[in-house]
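Residue-level structural notes
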Amino acid sequence: MICILLVAGHGTILETQIKTDVTGLYAHLTGVPKALLPGVGGKKILDFWWETVNTRQLFSEVYLVTNADKYKHYERWATANDFPVENVVNDGSTTLDDRLGAVADLELAIRSRQLQDDIMVIAGDMLCADQNFDIAQVIRFFRSKPGELAIYYELESGEKSYTRGIVEVCPNTHRVMQFLEKPQEGITASRLASVVFYCLRKDSLPYISEFLIQHLDVNDRTFGKFWEWLINEEKVPVYGMKLPTGFQLIGQVGLSDYTKWLAHYSSKQQLSPSKPITCRSYARVGLMGNPSDGFNGKTIAMSITNFWAEVTLMESQTLVLLPHPLNDPTEFGSMQDLFRISRKEGYLGGLRLLQATCKKFYQFCSEQGIALSKQNFTLKYDTNIPRQVGLAGSSAIVSATLKCLMKFYNITDNDLPKPIRANFILNVETDELFITAGLQDRVVQVYEGLVYMDFNKQLMDKRGYGEYIPLDMSELPLFWLAYLGDPSDSGRIHSNVRQRWLNGESTVVEAMKSFAELTDQARAAFQCKDWPRLAQLMDENFELRRSVYTDDCLGPGNLKMVQLARQFGSAVKLPGSGGAVVGLCMDPERLVEMKRAFQEAGCVFCLIVPYDPSVQSHN
C-alpha cells in the first residue's frame, strides 16, 4: 500500500491572519506552511502524520504533494525528518488562482510516479485530537471490505454539520449510503463527519481521472465533491470507519479557531492519562417473570445499591489486569487454607471477566470499523456482590469494565447502543467463558433502575434484542432480600428445563408463556401501585417455577428460605438462579420478626435499597 500526504493548499485565512496579527505572538509563524504549524503536543502537524505512516510493514512508499510556493519549506522539512526528498511532489502552482485542486493533486502524484497500488490519502495539515490511534487497524478494516474506505468521526457539540462533509453509514454493513458535502440544516440527522483520510483500491484509481474529466472547474475538484459523485452518482461501494477522535482541517479556519482547537485537543491529551476512570454496576433482583428471559418470555428486574461491582481503569505503559486479593487469590496461609478457599470459592474469580471483556471489546470495535488508539491501561476491580446466589455478580463486573473501556476509548452510545451493549455483556459470558446466563441481568445493568423486558421471539429474531422499558420507581414498596451464607453454585438450578423447552415439551412451553402473562400483570400493578396484587403475583411466580423445575432441582436451601418467609405472611420468590430469595412483606412488624428468623437460620438478610438512575448520579 502507498500513502500520499496532501499539503498543497494556498492562501488560507489562517496564513493571512498570522501575517496581519498585531499582538506579535505569532510573528515567528509568518510564512510557515499550515502543515508545519504547531500541532497537538507541540510537534508540527505534519510530524505527527509522518510518524504515524512511517512504517515499512504497512506502506511501501510515502509521498508528499505540495505546491511550488511552499516547496522549499517541505524540502527542508524532508531533509530534517528522514523523509525521502525525491518523494516530495511539486504541483507547480504558486497562487490560489492557479491551484490544481485536491483531487488533481492526488492524480498528479499517481500519474507522475506511475503508482499502481492501493492508496491511502491523508490531509497533512489536519489536526488530530488522538495522537495514539492505530493506523494498522484502518488498513486491516479496509482490506476486509470489498470497496473504498472513508474515515469519519462524530461531531462534537459545538461543531456544525454544514461545515463538513457528512456521511450516512449503514450500521450493519458499514457501507456509506450517502455523502453530503456541507449540507444545510435539517437535510440529514447524521453527525458523522468525513475527513480527508481515505483508502482507494488500485482497481478504482481510474475513477479519479474520470472525475477530473467531468469536473473542469477547480472549485469542484475537492474531495467532498469527489465522494459525492463516487457514492451518490456512480454508486461505487464505499465503506466507513470511525475514529473515536476529532479532526480539524486548519486550512479552513482562522487564527482564533486554530488556537481554540489546538488548545481543546491539547487539553484532552493532558487530561486523559492522569485521571483514573471508575465505573460501577449494581446487582439486580428479578421481581417477576424470571427465568423466562432465556425462553423468549418477559421479566421485570431492578438494580439495587446494596451490592455493586466497581472497575477502575488507569492509563499505563503496558496493559495490566490486576487480580483481586480476595477473589483471585495467589497467596495462601497453608495447604489447608488453599483447600478451604478452593472448595468454597472455586477457581474462577473476576480476572477472567476483565480479560474476556477486553478481548470481546477489541473484537467488536474491529468488526464495527472503529479504530482504537494505541493506549494501554491497568484494570482493577472490586465487588461486594455475594457469589453464587444469583444476583448477577459476574455480569456486573463485565458491565462496569465495558463502561470503563467505552469512556477510555471515547466510544459513544451511538457506537454501542444500550440494547446491543446488553447482548455484548451476555456474549462475553456465554461465548467466551461458557457461563450459563440469560439476557435479563445484562439489560437491567445497562439500563439501570426498574426495567420491564419483553424477549419476544419475533423481536429477537428480527433485530437481535427485545423491548426494554424503564418503569416509574416513585413510591415503591419495601422489598427485602435474604441469601444463604454457604450457597451452592446457582447455575445448577437451570437443570434440564432448557432441553425440555427446545424439545417443545408442552408443560415447559406453556409455563414460559405463563411467566410472561404474570409479568404483564405485574407491570400493571407497578403502574397502579397495587402492592398487594404484586405480592400475590410474586407468590404465583415462585409456584409456577416450582412446578417446572421441581423441588429436587430447586434444592433444600431455597425451599427452606421460601417456607420461612411464608411463615411470616410475606410474598417471596427467587430473584435469580438460586441461593437467594426476594420478598415483599406488607406488615412492618412481621418484617422485623422475619429478619430475626432468617438470621437465626444462618441466612444473610437485608432491606433492599433500589437504584434509581433518574435521581442519583451514576457512571
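Rules and cut-offs
- Residues numbered from 1 in each chain as written.
- Predicted model: local features only at pLDDT ≥ 70, side-chain atom pairs only at ≥ 80, totals over all residues.
- Heavy atoms only, no water.
- Helix = DSSP H or I, 4+ residues; strand = E, 2+ residues; numbered from the N terminus.
- Buried < 20%, exposed > 50% of the residue type's maximum accessible area, 1.4 Å probe, protein only.
- Contact = heavy atoms within 4.5 Å.
- Lys, Arg positive; Asp, Glu negative; His and termini not counted.
- Charge placed at Lys NZ, Arg CZ, Asp CG, Glu CD.
- Phe/Tyr/Trp six-rings, centres within 6.5 Å; stacked < 30°, edge-to-face > 60°.
- Lys NZ or Arg CZ within 6 Å of the ring centre and 35° of its normal.
- Salt bridge = Lys/Arg side-chain N within 4 Å of Asp/Glu carboxyl O.
- Arc of directions from axis to C-beta.
- UniProt positions renumbered as here; feature names shortened; annotations may be inferred.
- Pairing = 2+ DSSP bridges.
- Axes fitted to C-alpha atoms, helices over the stretch in contact; angles between N-to-C directions.

**A word on the overall build of the protein chain**
Looking only at helices and strands, the protein chain has 19 helices and 21 strands in total. Oriented by its inertia axes, the alpha-carbon framework of the protein chain measures out at about 95 × 55 × 45 Å. Residue burial in the protein chain is summarised as follows: out of 619 residues, 54% are buried. In the protein chain, the proportion of contacts linking residues at least 24 apart, taken out of those at least 6 apart, comes to 75%. The distance from the centre of the 63 positive side-chain charges to the centre of the 72 negative ones in the protein chain is 3 Å.

**Notes on the packing of aromatic side chains**
In total, this model carries 25 aromatic pairs according to the counting rule given. Aromatic pair Phe408 and Tyr409: ring centres 4.9 Å apart, planes at 80°, arrangement edge-to-face. Accessibility classification places Phe408 together with Tyr409 in one group, the buried group. Taken together, a centroid distance of 5.8 Å and an interplanar angle of 70° make the contact between Phe526 and Trp531 edge-to-face. Exposure remark for Phe526: the relative accessible area of 4% places this residue in the buried category. For Trp531, a relative accessible area of 12% puts it in the buried group. Taken together, the ring pairs connect Tyr198, Tyr207, Phe211, Phe223, Phe226, Trp227 and Trp229 into an aromatic cluster. Seen from the ring of Trp308, Arg280 lies directly overhead, with NZ or CZ sitting 4.0 Å from the centre. It is Arg523 that lies over the ring of Tyr452; its NZ or CZ is 4.5 Å from the centre.

**Quick notes on the pattern of salt bridges**
Applying the stated criterion to the full structure yields 27 salt bridges. Two residues, Arg201 and Glu148, come together in a salt bridge whose shortest N-O distance is 3.1 Å. You can see Arg201 sitting in the loop between β9 (192-200) and α6 (206-214) and its partner Glu148 sitting in strand β6 (residues 148-154), a full 53 residues away along the chain. Judged by its relative accessible area of 28%, Arg201 is partly exposed. A residue is classified by how much of its surface remains accessible, and Glu148, at 1% relative accessible area, is buried. With its nearest N and O atoms 2.7 Å apart, the salt bridge here joins Glu429 to Arg442. Placement of the pair is Glu429 in helix α12 (residues 418-432) and Arg442 in helix α13 (residues 440-447), with a sequence separation of 13 residues. Classification of Arg442 as buried rests on a relative accessible area of 4%. The network of salt bridges with common partners includes Asp539, Glu543, Arg546, Asp551 and Arg566.

**Quick word on the environment of Ala392**
Relative to the assigned elements, Ala392 resides in the loop between β15 (376-383) and α11 (393-408). Classification of Ala392 as buried rests on a relative accessible area of 9%. A sequence separation of 45 residues divides Ala392 from Ala437, and the C-alpha atoms of the two residues are 9.2 Å apart. With residues near it in sequence (within four places) discarded, Ala392 still touches Arg284, Ile385, Asp441 and Gln445.

**Side note on α6**
Every buried residue belonging to α6 is among Ile208, Phe211 and Leu212, and all of these are buried. Along α6, the residues classed as buried sweep out an arc of 95° about the axis, all on the same side. More than 90 degrees from the buried face of α6, the exposed residues found are Pro206 and Ile213. Packing partners of the buried residues in α6 comprise α4 (102-112), β9 and α7 (223-233).

**As for the UniProt feature "domain: GHMP kinase C-terminal" (unreviewed entry) in the protein chain**
In the UniProt entry, the feature "domain: GHMP kinase C-terminal" (unreviewed entry) is given for residues 523-601. Annotation note: span residues 523-601, helix share 70%, strand share 10%, distance between end C-alpha atoms 33 Å.

**Digging into the pairing of β6**
Across a regular strand the side chains alternate sides, sitting on one face of the sheet and then on the other. Most of β6 is tucked away, with six of its seven residues classed as buried. In this sheet, strand β10 (residues 238-242) lies alongside β6 in parallel orientation, the contact comprising five bridges. Across the sheet, Ala150 pairs through a bridge with Gly240, a residue of β10. Relative to β9, β6 runs antiparallel, the two sharing five bridges. Paired with Ala150 across the strands is Tyr198, a residue of β9.

**Some remarks on the sheet that holds strand β19 (residues 571-573)**
One open sheet holds the four strands; their spatial order is β19-β20-β18-β21, and the pairing between them is antiparallel. Among the strands making up the open sheet, the edge pair consists of β19 and β21 (603-607). Strand after strand, the sheet turns through a mean of 20° between neighbouring axes, direction not considered. Both strand β18 (residues 479-484) and strand β20 (residues 580-584) contribute to a ladder of five bridges, which runs antiparallel. Paired with Trp480 across the bridge in β20 is Gly583. The strands touched by helix α17 (residues 531-554) within the sheet are β18, β19 and β20, with β19 carrying the most contacts at an inclination of about 40°.

**Notes on unusual backbone geometry**
Generally, phi is negative for residues other than glycine and the peptide bonds are trans, each holding for most cases. Looking along the chain, the bond that leaves Asn290 and enters Pro291 is cis, with omega of 15°. In this structure, Pro291 sits in the loop between β12 (277-288) and β13 (298-316). Residues other than glycine seldom take positive phi values, yet Lys182 does so here, at roughly 50°. The topology assignment puts Lys182 in the loop between β8 (176-181) and β9.

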